[in-house]
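Residues per chain, in single letters:
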Amino acid sequence: MLRVNELRRHYRKFDLGPLSLKVEPGCAMGLVGANGAGKTTLFRCIMGSVRSQHGEVWVGEQEATAIDPGWRQDIGYVGDATPLFDGWTGARNLGALSRFYPNWSAERATAMAERLNLDLTQRVRHYSTGQRSKLAIVLALSHAPKLLLLDEPTAGLDALSQDVFLELLFDAMAVEGTALLYATHHISEIAQLVDRLAFIHEGRLVREEIKEDLTQAWRQISFRHEGELNDIPHVVASRQQSPYFELVSDDADATLDYLRQQGISGCESSRMTMERIAIEILKRSA
Amino acid sequence: MFKQLLITEIDASKTFLTLWLLAVTVLLLFMGYSGSELGQFIAASTVIFWIMLIGCAIVSGEEKRLRLYAQLPVTAGMVFAATWIMVICWIAALVAAWTMYGLLFDPTSDISAEEMGSQAIGLPLLLVLITIGFDLHAFRPAFIQWLYLGTLAGLLAVAIHRDLPLAELQQAGGIHIYPLPLPGGVAQTTALSVPLLLGLLAVNYYIYVRSDHYIR
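Notes on the structure in this doc start here. (Residues numbered from 1 in each chain as written. Chains lettered and ligands numbered in written order. Predicted model: local features only at pLDDT ≥ 70, side-chain atom pairs only at ≥ 80, totals over all residues. Heavy atoms only, no water.)

### Re the packing of aromatic side chains
And then number 1: Tallied over the entire structure, the rule returns 13 aromatic pairs over all chains.
And then number 2: Measuring from ring centre to ring centre gives 5.1 Å for Phe223(A) and Phe245(A), while their planes differ by 5°; the resulting arrangement is stacked. You can see Phe223(A) sitting in strand β11 (residues 219–224) and its partner Phe245(A) sitting in strand β13 (residues 244–249), a full 22 residues away along the chain. Per residue, the accessibility class of Phe223(A) equals that of Phe245(A), and both read buried.
And then number 3: Ring centres of Trp20(B) and Phe49(B) lie 5.7 Å apart, and the angle between their planes is 65°; this geometry places the pair in the edge-to-face category. Taken together, the residues span a long stretch of sequence, with Trp20(B) in helix α1 (residues 2–33) and Phe49(B) in helix α2 (residues 38–59) at a distance of 29 residues. In this pair, the class of Trp20(B) matches that of Phe49(B), namely buried.
And then number 4: An aromatic cluster is built from Trp20(B), Phe49(B), Trp50(B) and Trp90(B), whose rings are joined through pairwise contacts.
And then number 5: One cation-aromatic arrangement involves Arg9(A) over Tyr11(A); the distance from NZ or CZ to the ring centre is 4.4 Å. (Phe/Tyr/Trp six-rings, centres within 6.5 Å; stacked < 30°, edge-to-face > 60°. Helix = DSSP H or I, 4+ residues; strand = E, 2+ residues; numbered from the N terminus. Buried < 20%, exposed > 50% of the residue type's maximum accessible area, 1.4 Å probe, protein only. Lys NZ or Arg CZ within 6 Å of the ring centre and 35° of its normal.)

### Considerations on α1(B)
And then number 1: Its maximal kink placed at Lys14(B), α1(B) deviates by approximately 55°.
And then number 2: In the segment just after α1(B), Gly35(B) is the residue with positive phi, at about 80°. (Bend = angle between axes of the 7 residues up to and from the residue.)

### Description of the interface of chain B and chain A
And then number 1: With 26 residues of chain B at the contact, the number on the chain A side is 32 residues.
And then number 2: Around 2700 Å² of area is buried between chain B and chain A when both sides are counted, 57% of it from carbon and sulfur atoms.
And then number 3: Among the salt bridges present, the one from Asp11(B) reaches Arg92(A), with a minimum N-O distance of 3.0 Å.
And then number 4: Linking chain B with chain A are 5 residue pairs in polar contact (both at pLDDT 80 or more), by the criterion used here.
And then number 5: Of all the elements in the fold, those that place two or more residues in the side of chain B that touches chain A are α1, α3 (62–69) and α7 (186–210) of chain B.
And then number 6: With 7 residues, α1(B) is the largest single contributor of residues to the side of chain B that touches chain A.
And then number 7: Here the residues of the side of chain B that touches chain A sort into 13 nonpolar, 5 polar and 8 charged. (Contact = heavy atoms within 4.5 Å. Buried area = accessible area lost by both parts, 1.4 Å probe. Salt bridge = Lys/Arg side-chain N within 4 Å of Asp/Glu carboxyl O. Polar contact = N/O pair within 3.5 Å; in protein donor to acceptor, adjacent residues only side chain to side chain. Nonpolar A, V, L, I, M, F, W, Y, C, P; charged D, E, K, R; others polar.)

So, to be careful, I would describe these as geometric facts and stop short of saying anything about function.
As structure tokens, then:
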């Protein structure tokens, strides 16, 4: 559904790319990176709101070019700060923007606003950050897009609304087969939603993994051992307070095999949260 | 999609456009019944035109609007065209008011239709010069924008210093075209300013579609 090939954008103090990624139809990819890693720049380059200097973007079978912006009809975008007509009510904003999307459903928009508990009769300038986010979400989802680009979409949303938002995303994926690329630095909010995770650091994708593979492979291993242990394979972090060892491995099976070969028994291996795994990956990238 | 964009643009500036028409009508009646000359009305209405246009750009959040359009299935060229169509609507209302004033309150005025047309062309000419300055924001190095705007302000200052009031219609050497007076009579000035306006619009378009102000 989305193909990004060798995308590059140069700024004086920051370079995005070369960066390539692919989101298959119906798939959900999480894009994880620290502040300033290039997530928003990547989204803007995909949307064409910032010019890329090299590379190409394909949305479905259509190349995302400036000449024929029809591909934008297939996209629902929630940016870091979605611009709206501040002097208009939420309903008027929805009405005006619905003109641009032939697949727009006013019923769907109203139903989503109700589920998100969003008052559409208020002027947008009186909305809180969370309410603006809700309106941006309704705007992005009301035309049944084939691809959702979500850049920190839950900014300002309360826990209940975040939950409803995730339900809406699950519904869109299940009913419409919507693909999504979801950027966040709070990985816990997408842990259940995404199939794949891409990690971005200083403008480059440093790792792309299937989520299940990550949660299977990454483990925290603890054991008791007298003496030193060096060069344990696949260990990405370790803490030693003799005789106790605590390791983080990105391939727990290989690490445990090695430890067994060293005659170490009684190893305890525990699952790690996605948040923890992401932090370790980003730490290593830095 | 252009039609939808244009409807949205009209919708976005509807309030200001109505206010503008109201202000011009009030001014027309007030100045007309107080016996002012057409030249004075043109000067006063032009000042109000600038105030309303700038106010509209600020209140409707010009930059935000462009960022919003950047997410919609429209091209930068469409946005550019829709924006200028709206400007033409504003100017058309102004010229209509001038004509009406001339017909109703100052039929013996020595200001000809050509002169009014020439004056009307001066408005978008200055507007496009300013717009180019703002759109240059997207280009590096940043001093290009400041150099451009500084030069424009300098030229304007020179024009004022040489006692060429910005809203005055007739000058000794010909019609006053913003921001600088052009030599010659009405015909020469108009002949010069029309291609100049078209050329500047082309330059503005070139800059606009290649800039990064959240649209390409």
